[in-house]
Amino acid sequence: MPDILLVEDKESLRRVLRLTLENAGYSVTEAVDAREAINEIGRVPHKVVLTDLRMPNGTGLDVLRAARLADGDVPVIVMTAYGSIDEAVQAMKDGAHDFLQKPVDSNHLLLLVGRALEQSRLRTENLLLREEWSKRYGFPRIIGESDAIKKAVTETQRVAQTEATVLLLGESGTGKELFARAVHHLSNRRDQPLVAINCAAIPETLIENELFGHERGAFTGAGDRRLGKFELASGGTVFLDEIGELPLAVQGKLLRVIEERCVDRIGGRAPVPVDVRVVAATNKDLRRAVDKGEFRGDLFFRLAVFPIEIPPLRERGEDVVLLAHHFAAQLGKEMRGREATLSDASMAALHTRRWPGNVRELENAIERACILADGSTLEPGDLGLMAETSEAQLSGFDASGTLSEATDRMVQIVERRKIAEALAAHGGNKTRAAETLGVSYKTLLTKIKDYRL
């Protein structure tokens, strides 16, 4: 049952309104004044807020603002007595869904509540449809404004419309699979299957069977014919993650599939034509693997027709904060029913970490914080960064060399942290950050570039 927060200081009217709503099938939570209502809004989310305008310990406008702050999409209906229409108009300007004049007509009340819930439902459906459209035809969850990520996105857009084989290069956790899905969804194959396979997760003895399939009776236990991933993806895209872990014996067969567009099932008598596009990804240096004889050179050059470098998080500057805000809003809503936010100290701490696990590590840190945090604001301790930052900056400080050299290194640590804190405190506004730090705008820009913030 949709939950409605009812805020009314007059007990008799509150009882009548509650019974009217409950008889219509709604669940009702009561609050006797603005202070109690604001506390309730901070405790749990509600589908609709129905509040009086004039009451003790605050006003209906205070309740409206608190509700909108907690969830910008929650509909708020304000009740107003005769003679206070100006206040109702102000409430509408502040974001109220509608207003209801006293004495309250039950039918009108239920009509407004029904409309508010329907509008909320349609807004949610629209968001879901937009998200699905983005996942299907756009770049799902690829968030960032840094030059490095923009370059990768631009290259992905350009190659997607072709049939070229794509090799995604980058450290673990940088989001290579998201780019692989973007290549598929932006291509002419978008309506066909995208089949992903992790080459490192399948035992060497099974990988060939997984990729190319087998015929009945090909080996002991092969009671039926089984199609491999390439046949299942025919017409679409095969994404080969961790391609650097593919055994040498299978690499030659993969090369033939790419070049001749056919597969040989285990135990098969004739090649089977397949029409697939190959997107591969690796966190290994394949050129070095080729030099060491661990990876076939001909397969490497066939895969690397169009290589795309996915940058690590430490090279993406302010993208760390953008991603952190995105994950906090998304995971907070999923786990707590409302978006989480990051304190200034948390944003500064996020800047100081190098994130060896990249975007995946950042997302895990935010998820952990959403579980541990007492409120909706995430602090460094919730993120598990406070102790780590302290250790990195103090006990882990490199004091080698001359006094001047050690002092310079410490100054750089302090400068980087102060600049990161100032940028975070002012939402990335460099002019205001420069004023806070007491330096010129040009000096700040130079240091931001030097420290790769």
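Above this text you will find the structure in question.
Note that the structure is a prediction, hence the values are computed from the model and not measured.

Rules and cut-offs
- Residues numbered from 1 in each chain as written.
- Predicted model: local features only at pLDDT ≥ 70, side-chain atom pairs only at ≥ 80, totals over all residues.
- Heavy atoms only, no water.
- Salt bridge = Lys/Arg side-chain N within 4 Å of Asp/Glu carboxyl O.
- Helix = DSSP H or I, 4+ residues; strand = E, 2+ residues; numbered from the N terminus.
- Buried < 20%, exposed > 50% of the residue type's maximum accessible area, 1.4 Å probe, protein only.
- Pairing = 2+ DSSP bridges.
- Axes fitted to C-alpha atoms, helices over the stretch in contact; angles between N-to-C directions.
- Contact = heavy atoms within 4.5 Å.
- Core = buried A, V, L, I, M, F, W, Y, C linked by side-chain atoms within 4.5 Å.
- Phe/Tyr/Trp six-rings, centres within 6.5 Å; stacked < 30°, edge-to-face > 60°.
- Lys NZ or Arg CZ within 6 Å of the ring centre and 35° of its normal.
- Polar contact = N/O pair within 3.5 Å; in protein donor to acceptor, adjacent residues only side chain to side chain.
- Parallel < 35°, antiparallel > 145°, perpendicular 65-115°, else oblique.
- Nonpolar A, V, L, I, M, F, W, Y, C, P; charged D, E, K, R; others polar.

**As for the pattern of salt bridges**
Under the criterion given, the structure shown has 28 salt bridges. For Glu215, the salt bridge goes to Arg225, with nearest N and O atoms at 3.0 Å. With Glu215 in the loop between β8 (213-214) and β9 (226-227) and Arg225 in the loop between β8 and β9, this pair connects stretches of sequence that are ten residues apart. On the basis of relative accessible area, Glu215 is assigned to the buried category, the value being 17%. Across the salt bridge formed by Glu415 and Lys447, the nearest N and O atoms sit 3.1 Å from each other. Of this pair, Glu415 sits in helix α18 (residues 403-425) while Lys447 is found in helix α20 (residues 441-450), placing the two residues 32 residues apart along the sequence. Residue Lys447 is classed as partly exposed on the basis of its relative accessible area, which comes to 25%. Among the charged side chains, a salt-bridge network with shared partners connects Arg14, Arg18, Glu22 and Glu30.

**Some details on the sheet that holds strand β6 (residues 166-169)**
The strand order β7-β10-β13-β6-β14 describes an open sheet built from five strands, whose pairing is parallel. Since the sheet does not close on itself, it has two edges, and those belong to β7 (194-198) and β14 (306-309), each with one partner. Recorded for the sheet is a direction-independent mean angle of 20° between the axes of neighbouring strands. In this sheet, strand β13 (residues 277-282) lies alongside β6 in parallel orientation, the contact comprising four bridges. Counterpart to Leu168 in the pairing with β13 is Ala281. Across the sheet, helix α6 (residues 147-160) touches β6, β13 and β14, and the angle it forms with β14 is around 155°.

**Some thoughts on the nonpolar core**
Within the largest apolar cluster, 32 residues are counted, with the highest numbers of intra-cluster contacts made by Leu211, Phe230, Leu240 and Ile243. Put simply, the parts of the chain that give this core at least two residues each are β7, α8 (204-212), β10 (237-241), α10 (248-260), β13, α11 (286-291) and α12 (297-303). The contacts of Ile243, once residues within four sequence positions are left out, are Leu167, Cys199, Leu254, Ala280, Ala281, Thr282, Leu286, Phe295 and Leu303. In this structure, Leu350, Trp355, Leu362 and Ala373 belong to the second largest nonpolar core, which totals 24 residues.

**Structural notes on the packing of aromatic side chains**
Considering all chains together, one arrives at two aromatic pairs under this definition. On the numbers, 5.8 Å between centres and 35° between planes, the contact of Phe212 with Phe230 is tilted. One end of the pair, Phe212, is in helix α8; the other, Phe230, is in helix α9 (residues 229-232), with 18 residues separating them in the sequence. No difference in accessibility class separates Phe212 from Phe230, as the two residues are buried. Seen from the ring of Trp355, Arg353 lies directly overhead, with NZ or CZ sitting 5.2 Å from the centre.

**Side note on the side chain of Asp319**
Here Asp319 shows up in helix α13 (residues 319-336). A polar contact is formed between the side chain of Asp319 and the side chain of Ser146, at a distance of 2.7 Å. Excluding residues within four positions of it along the chain, Asp319 makes contact with Gly144, Glu145, Ser146 and Ile149.

**Considerations on the pairing of β6**
Pairing of β6 with β14 involves four bridges; the strand directions are parallel. Looking across to β14, one finds that Val166 is bridged to Phe306.

**Focus: the environment of Asp98**
Checked against the element boundaries, Asp98 lands in strand β5 (residues 98-101). Separated by 15 residues in sequence, Asp98 and Val113 place their C-alpha atoms 9.5 Å apart. For Asp98, the residues in contact, after removing those within four places along its chain, are Val76, Ile77, Val78, Met92 and Leu112.

**Thoughts on the packing of helix α2 (residues 34-43) against helix α3 (residues 60-70)**
α3 packs onto α2 with a crossing angle of 5° between their chain directions and a minimal axis gap of 9 Å. Compared by their axis directions, α2 and α3 come out roughly parallel. Taking contact as the criterion, the partners of Ala34, Ala37, Ile38 and Ile41 in α2 are, on α3, Asp62, Val63, Ala66, Ala67 and Ala70. Of the residues that constitute the contact of α2 with α3, the class distribution is eight nonpolar, no polar and one charged.

Scope: geometric values only; no functional claims are made or implied.
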